[in-house]
Amino acid sequence: MPEISVVAPVYNQRAQTLIELVRRLSLVISSITDDFDIILVDDGSENDAWSTIGAMASADPKVRGVHLSRNFGQHVAITAGLDYADGNWVVVMDADLQDRPEVIPELYAKAQQGYDVVFVNRARRPESLLYRSLAATFYLVLNALSGQDYNRLQGNFSIVCADAVRAFRRVREPGRFYGGILRWVGFRHASITAEHAAADGGQTSYNFRKRVRFATSLIVSFSTRLLYISILIGLMMAICSFIAAAIIVIEKIRYPDYPLQGWPSVMTAIFFTAGVTNVAIGFTGIYIGQILQQTRGRPLYVVAATTSGVAPIR
Ligand code: UDP
Ligand code: MG
């Protein structure tokens, strides 16, 4: 059992970046221990990432590669890496050098103070103002809905003890959010703050659609409050329309000859009701979609190849 296993998901990362990552990781971690390995999970890259990983693995026994059969998404790739990671401590980080390997000694030292899970909070997010405000809004909604206090400065860069990794492996739900699952898993948590490097070549492998999809699946997986909110709105609307109906009937009885009026209010009410109903059905549908995914019981990912021929732990 190595003292430290590093897990990094790789999607379309340049060879140069991966080589640099392994070089810096090896340098930094050997100051802590010689007993470590680096697990690079190729999340179905379309470039030459897998052959780079293969070449590095045959040159250096500390490098292990897992090749997923297609792009499953960052958080599934992390899960795959954790299924293979058998270190006493597992470091999870991005492969694009935005999470700086040089922070690992500090992360490890913090864990040695008696913590099982330590996350790195980014001292600053080097993203654009638009991205930052969208992220801030998203975390506001997420925290309001989940009743948690997820920190928007927290990424996936973290160190986790073997017990927490084992617990993490048992959570197989399809809506995956690394930090959220670890929080559910429990144990003693702590965090440190460190600088986050700028994007390598300024590139992110996410597009807006992918981020929005991740954001919705995250909210749905970690809170059922949306369902309660739609029930509440529906109930309030029902009460209002009941009162309105009562008033209309009373008015009709009191003034039988009153000329017919008020179609704008009727139309408004219809549109409003239809809108609210649709939103509520939409929320419900998203949850049902998640249930459907879960009941299908498909594996979270498919492994096409590994560099060591070792089967996953689960
Ligand atoms: N990644 C992945 N699968 C994906 C998208 C990203 O494994 O579908 C990896 C990527 O290679 C990187 C990490 O997840 O190591 C973070 O991705 P990225 O840098 O694109 O995200 P950002 O830093 O912009 O949040
Ligand atoms: Mg990045």
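Given the structure is predicted, the values throughout are model-derived calculations rather than measurements.

The rules we used
- Residues numbered from 1 in each chain as written.
- Chains lettered and ligands numbered in written order.
- Predicted model: local features only at pLDDT ≥ 70, side-chain atom pairs only at ≥ 80, totals over all residues.
- Helix = DSSP H or I, 4+ residues; strand = E, 2+ residues; numbered from the N terminus.
- Buried ≥ 20, exposed ≤ 12 C-beta atoms within 10 Å, placed from the backbone.
- Near = placed C-beta within 6 Å.
- Nonpolar A, V, L, I, M, F, W, Y, C, P; charged D, E, K, R; others polar.
- Core = buried A, V, L, I, M, F, W, Y, C linked by C-beta atoms within 7 Å.
- Pairing = 2+ DSSP bridges.
- Axes fitted to C-alpha atoms, helices over the stretch in contact; angles between N-to-C directions.
- Contact = placed C-beta atoms within 7 Å.
- Left-handed = near helix turned anticlockwise from the far one by under 90°.
- Parallel < 35°, antiparallel > 145°, perpendicular 65-115°, else oblique.
- pLDDT = per-residue confidence, 0-100.
- Right-handed = clockwise from strand over helix to strand, strands pointing away.
- Domains from an automatic or database assignment.
- Expected span 1.5 Å × (residues − 1).

Asks: What is the right way to read the overall build of the chain from this model?
Replies: Helix and strand content of the chain: 10 helices and eight strands. Seen through its C-alpha atoms, the chain measures out along the principal axes to roughly 95 × 40 × 35 Å. The buried share of the chain, reckoned over its 314 residues, is 31%.

Asks: When you look at the site of ligand 1 in this model, what are you seeing that I'm missing?
Replies: Around ligand 1 there are 17 residues in total, and Pro9, Tyr11, Asp43, Thr204 and Ser205 lie nearest to it. Of all elements in the fold, only strand E1 (4-10) and helix H3 (74-84) reach the threshold of two or more residues within the shell around ligand 1. Partitioned by chemical class, the residues of the shell around ligand 1 number seven nonpolar, seven polar and three charged.

Asks: Explain the nonpolar core here, please?
Replies: One finds Val7, Leu40 and Val91 to be the most contacted residues of the largest nonpolar core, which totals 64 residues. With six residues, the single largest contributor to this core is H3.

Asks: Sorry, what's going on with the sheet that holds strand E6 (residues 154-161) here?
Replies: Either a parallel or an antiparallel arrangement is found when strands of a sheet pair, and the pairing is made through backbone hydrogen bonds. A sheet is described by the order of its strands in space; here eight strands give the open sequence E7-E5-E6-E4-E1-E2-E3-E8, paired in mixed fashion. A single partner strand is all that each edge strand has here, and the edge strands are strand E7 (189-194) and strand E8 (303-306). Across the sheet, the mean angle from the axis of one strand to that of its neighbour is 20°, orientation sign disregarded. When E1 meets strand E4 (residues 89-92), the two strands line up parallel, connected through four bridges. By the bridge assignment, valine 6 is partnered in E4 with valine 91. Against the sheet, H3 touches E1, strand E2 (36-42), strand E3 (63-68), E4 and E6, its axis set at about 150° to E1.

Asks: I keep staring at the packing of helix H1 (residues 15-29) against helix H2 (residues 49-59) and nothing clicks. Help me out?
Replies: What describes two packed helices is the angle between their axes and the distance between those same axes. Two elements in contact, H1 and H2, have axes whose closest approach is 9 Å; the angle formed by their N-to-C orientations is 35°. For the pair H1 and H2, the sense of crossing is right-handed. Between H1 and H2, the contacting residues are Ala15, Leu18, Ile19 and Val22 on the first element and Ala49, Thr52, Ile53 and Met56 on the second. Looking at side-chain class alone, the contact of H1 with H2 contains seven nonpolar, one polar and no charged residues.

Asks: Explanation requested: the packing of helix H6 (residues 162-170) against helix H7 (residues 178-185) in the structure shown.
Replies: Taken N-terminus to C-terminus, the directions of H6 and H7 make an angle of 110°; their axes are 9 Å apart at the nearest point. One way to sum up the angle between H6 and H7 is to call them roughly perpendicular. Mapping the contact onto sequence places Ala164, Ala167 and Phe168 in H6 and Ile181, Leu182 and Val185 in H7. Residues of the contact of H6 with H7, tallied by class, amount to six nonpolar, no polar and no charged.

Asks: Would you take a moment to explain H3 for this structure?
Replies: For an α-helix the count is 3.6 residues per turn, leaving residues at separations of three or four pointing the same way. Judged by how many residues are buried, H3 sits mostly within the fold: 11 of 11 residues are covered. Turning to H3, its buried residues number three or more, namely Gln74, His75, Val76, Ala77, Ile78, Thr79, Ala80, Gly81, Leu82, Asp83 and Tyr84.

Asks: Can you help me understand the confidence of the model for the chain in this one?
Replies: The predicted coordinates ought not to be read in detail in places where the model reports low pLDDT. Mean pLDDT over the chain stands at 86; residues scoring 70 or higher make up 94%. Across the assembled chains, the prediction reports ipTM 0.95 with pTM 0.78.

Asks: Before we go on, may I ask you to explain the pairing of E2 in this structure?
Replies: Here E2 lies mainly inside the structure; seven of its seven residues are buried. Residues Phe36, Ile38, Leu40 and Asp42 line one face of E2 and the alternating positions Asp37, Ile39 and Val41 line the opposite face, and both faces are buried. In this structure, E1 lies alongside E2, joined through seven bridges in parallel fashion. Paired with valine 6 across the strands is isoleucine 38, a residue of E2. Considered for its hand, the β-α-β crossover made up of E1, H1 and E2 is right-handed. Bridge count between E2 and E3: five bridges; the pairing is parallel.

Asks: Would you mind going over the domain arrangement of the chain with me for this structure?
Replies: In many analyses, interface size is given as the accessible surface area lost on bringing the parts together. Considered domain by domain, the chain is made up of domain 1 (4-130 + 151-210 + 299-306) and domain 2 (225-296). Computed over C-alpha atoms only, the centres of domain 1 and domain 2 are separated by 47 Å.

Asks: Is there a simple way to explain helix H5 (residues 129-146) in this structure?
Replies: Helix length check: H5, at 18 residues, gives a terminal C-alpha distance of 25 Å against a target of 26 Å (1.5 Å per residue), a fit within 8%. One or two residues past the end of H5 sits glycine 147, with phi positive at roughly 70°.

Asks: So what exactly am I meant to see when it comes to the environment of tyrosine 115 here?
Replies: Along the chain, tyrosine 115 falls in the loop between helix H4 (104-112) and strand E5 (117-122). Take tyrosine 115: there are 17 C-beta atoms within 10 Å of it, and that puts it in the partly exposed class. Taking the C-alpha atoms as reference points, tyrosine 115 and phenylalanine 187, 72 residues apart in sequence, are found 7.9 Å from one another. Leave out the neighbours within four places in its chain, and tyrosine 115 touches Lys110, Arg188, His189 and Ala190.

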